[in-house]
Amino acid sequence: MIPAGLLLAWVGGVPLPIAMIAWLPMVPMAAMTVFEAVALHDFGREYGFRIGPWQYVKLTVGGPLYAVVLAAAALRAVWREYTGRRDWELTSHIGAHLSTAPQQRQQQEVR
């Protein structure tokens, strides 16, 4: 990110300190990616999984996308709180797993 900040300062005419401050939010994201890569390596070593380069690529590419999903969920939660909706959202169920239980009970009662 430092070369990108320097390029922004040089090409865009932005003062160098401001161009470098613009990249500060990337520091926690980069640190999180490094920590997750280390944790992935330790997980593979601890449980005997072979962690290849492709898993690190997926982790690196998926991390920022996951952060966007988390940000969207946080904005939605803030909006729900702001509008006063504090009810618990549940997944609607149709009870399909319960349809065989009454039939089995009836068969057992008949016997």
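A. A look at the pattern of salt bridges. Scanning the model with the defined rule gives four salt bridges in all. D87 is the salt-bridge partner of R80, the closest N and O atoms lying 2.9 Å from each other. Taking the relative accessible area as the measure of exposure, R80 reaches 10% and is therefore buried. By relative accessible area, which is 44% here, D87 ends up partly exposed. Put simply, D87 and R85 hold a salt bridge, and the shortest N to O gap is 3.9 Å. Counted as one network, the salt bridges with shared partners bring together R80, R85 and D87.

B. Geometry of the packing of aromatic side chains. The tally for this structure, following the rule as stated, stands at three aromatic pairs. Measuring from centroid to centroid gives 5.1 Å for F43 and Y47, while their planes differ by 45 degrees, and the two rings are tilted. Pair noted here: F43 and Y47 are both in helix α3 (residues 26–47), with a separation of four residues, about one helical turn. Y47 gets classed as exposed once you look at its relative accessible area, which sits at 57%. Residues W79 and Y82 carry aromatic rings whose centres are separated by 5.7 Å and whose planes lie at 35 degrees to one another, so their mutual orientation is tilted. One end of the pair is W79 and the other is Y82, both in helix α4 (residues 53–82) and three residues apart, which spans about a single turn. Both residues of the pair, W79 and Y82, belong to the exposed class. Joined through ring pairs, the aromatic side chains of F43, Y47 and F49 make up one cluster.

About the cut-offs
Sequence positions are assigned chain by chain, starting from 1 and proceeding in written order. The predicted nature of this model means local features are confined to residues of pLDDT at least 70 and side-chain atom pairs, given and counted, to a pLDDT of 80 or more, with totals for whole chains, interfaces and linings taken over all residues. Where side-chain values are given, they derive from all heavy atoms of the structure, hydrogens and water being excluded. A pair is scored as a salt bridge if a Lys or Arg side-chain nitrogen falls within 4 Å of a carboxyl oxygen belonging to Asp or Glu. Relative accessibility thresholds used throughout: buried, under 20% of the residue-type maximum; exposed, over 50%; partly exposed, between the two (1.4 Å probe, protein chains only). Only Phe, Tyr and Trp rings take part, Trp by its six-membered ring, and two of them pair if their centres are within 6.5 Å. Stacked means planes under 30 degrees apart, edge-to-face means over 60, and tilted covers everything else. Put simply, DSSP marks the helices as runs of H or I at least four residues long and the strands as runs of E at least two long, and each gets a number from the N terminus on.

These figures capture arrangement, not role.
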